Amino acid sequence: MPSSYVRRSSLGLIHLVGTGDGDGDPGRGEAGSKPVHLAVYDTYADWETGHTTAHLTQRGHRVRTVGPAAGTPVTTMGGVRIQPDLGIDALRPEDSSLLILTGARSWDMGDDLVPFAAKAREFLDAGVVVAAICGATAGLAREGLLDDRAHTSAAAGYLAATGYAGGGRYVEADAVTDGDLITAGPTEPVAFAREVFARLGVYKPDVLDAWYRLFHDSDASAFPVLTAAARAGDV
């Protein structure tokens, strides 16, 4: 699958560059038996995945939370206490349609989240989509998963500090998709969601474009498209 990414120009405008696999097949993203798995751990950045999980759920996808250990609650950066549905050791790529890795202070404060980066390797090796935002990209860099894939993060220097070998594949973009890997910086939760929806085929291309323009740019011209889609049962 070709890479795609959303890039901000020097004038602050947003441009879509590339289109993922280009087939726009909504059937691939229909909610099925395999849930989406959202990684949760202490200091998880609440705001980074709200658009993604809310709209996936609205489209019929099941979202399950995955923590460091089953039965052990975690506390997000916003102070929200979450009881994970399962522990990371119990998660298998064949049982999932997507693994979402969020930012957290813990990514840069020791090795506690290394098992999540290792699990991302398992997912990618199995051909299952991984979406990482903010500090999770540093965890993937340390795991060597960004060395040969186009990617982005908070800044090139942030990832360079990990000592990884993928600096030449870094893209100055809001969000990047390269095959089964999606990455984004901490200030781009909407672009992150858009890449997830595009990769999973959650919305038809014109509806996804309107969704992005509405939630990212507050573009009122997106309303007629979304209204028509809602009447047709497409949102």
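Here the structure is a predicted model, which means the values were calculated and not measured. Counting starts from 1 at the beginning of each chain's written sequence and moves along it residue by residue. Predicted model: local features are reported for residues with pLDDT of at least 70 only, side-chain atom pairs are reported and counted for 80 or more only, and whole-chain, interface and lining totals are derived from all residues. No hydrogens and no water enter the side-chain calculation; it runs on all heavy atoms of the structure.

A. Region of the structure containing the pattern of salt bridges. What makes a salt bridge here is a side-chain nitrogen of Lys or Arg within 4 Å of a carboxyl oxygen of Asp or Glu, nothing more. Tallying each qualifying case throughout the model produces 10 salt bridges. One salt bridge in this structure joins Glu 143 and Arg 121, with 3.0 Å as the shortest N-O distance. Here the residue Glu 143 occupies a position in the loop between helix 3 (135–142) and helix 4 (156–160), and Arg 121 occupies one in helix 2 (residues 114–125), the gap between them amounting to 22 residues. Burial classification: accessible surface area is computed with a 1.4 Å probe over protein chains only, and a residue below 20% of its type maximum counts as buried, one above 50% as exposed, and the rest as partly exposed. Looking at Glu 143, the relative accessible area reads 23%, which means it is partly exposed. Starting at the N terminus, helices and strands are each numbered in turn, a helix being any DSSP run of H or I of at least four residues and a strand any DSSP run of E of at least two.

B. How the structure looks around the confidence of the model for the protein chain. Taken residue by residue, the protein chain gives an average pLDDT of 88. The fraction at 70 or more is 86%. Confidence drops under pLDDT 50 across residues 6–31; counting only partners more than four residues distant or on other chains, this segment forms 57 contacts. pLDDT expresses how confident the predictor is about each individual residue, on a scale running from 0 to 100. Contacts are residue-level and defined by heavy atoms, with any inter-residue pair within 4.5 Å sufficient.

C. Spatial organisation of the packing of aromatic side chains. Each Phe, Tyr or Trp ring, with Trp reduced to its six-membered ring, pairs with another whose centre is within 6.5 Å; inter-plane angles below 30 degrees give stacked pairs, above 60 give edge-to-face pairs, and intermediate values give tilted ones. Under the defined criterion, the tally for this structure stands at five aromatic pairs. Taking the centre distance of 5.0 Å and the plane angle of 80° together, the rings of Tyr 41 and Phe 116 count as edge-to-face. You can see Tyr 41 sitting in the loop between strand 3 (36–39) and helix 1 (50–58) and its partner Phe 116 sitting in helix 2, a full 75 residues away along the chain. Note on Phe 116: relative accessible area 1%, which makes it buried. Judged by centre distance (4.9 Å) and plane angle (35°), the ring pair of Trp 211 and Phe 215 falls under tilted. Of this pair, Trp 211 and Phe 215 both sit in helix 6 (residues 205–217), separated by four residues, roughly a single helical turn. Here Trp 211 falls in the buried class, since its relative accessible area comes to 3%. Ring pairing ties together the aromatic residues Phe 197, Tyr 203, Trp 211 and Phe 215, which thus form one cluster.

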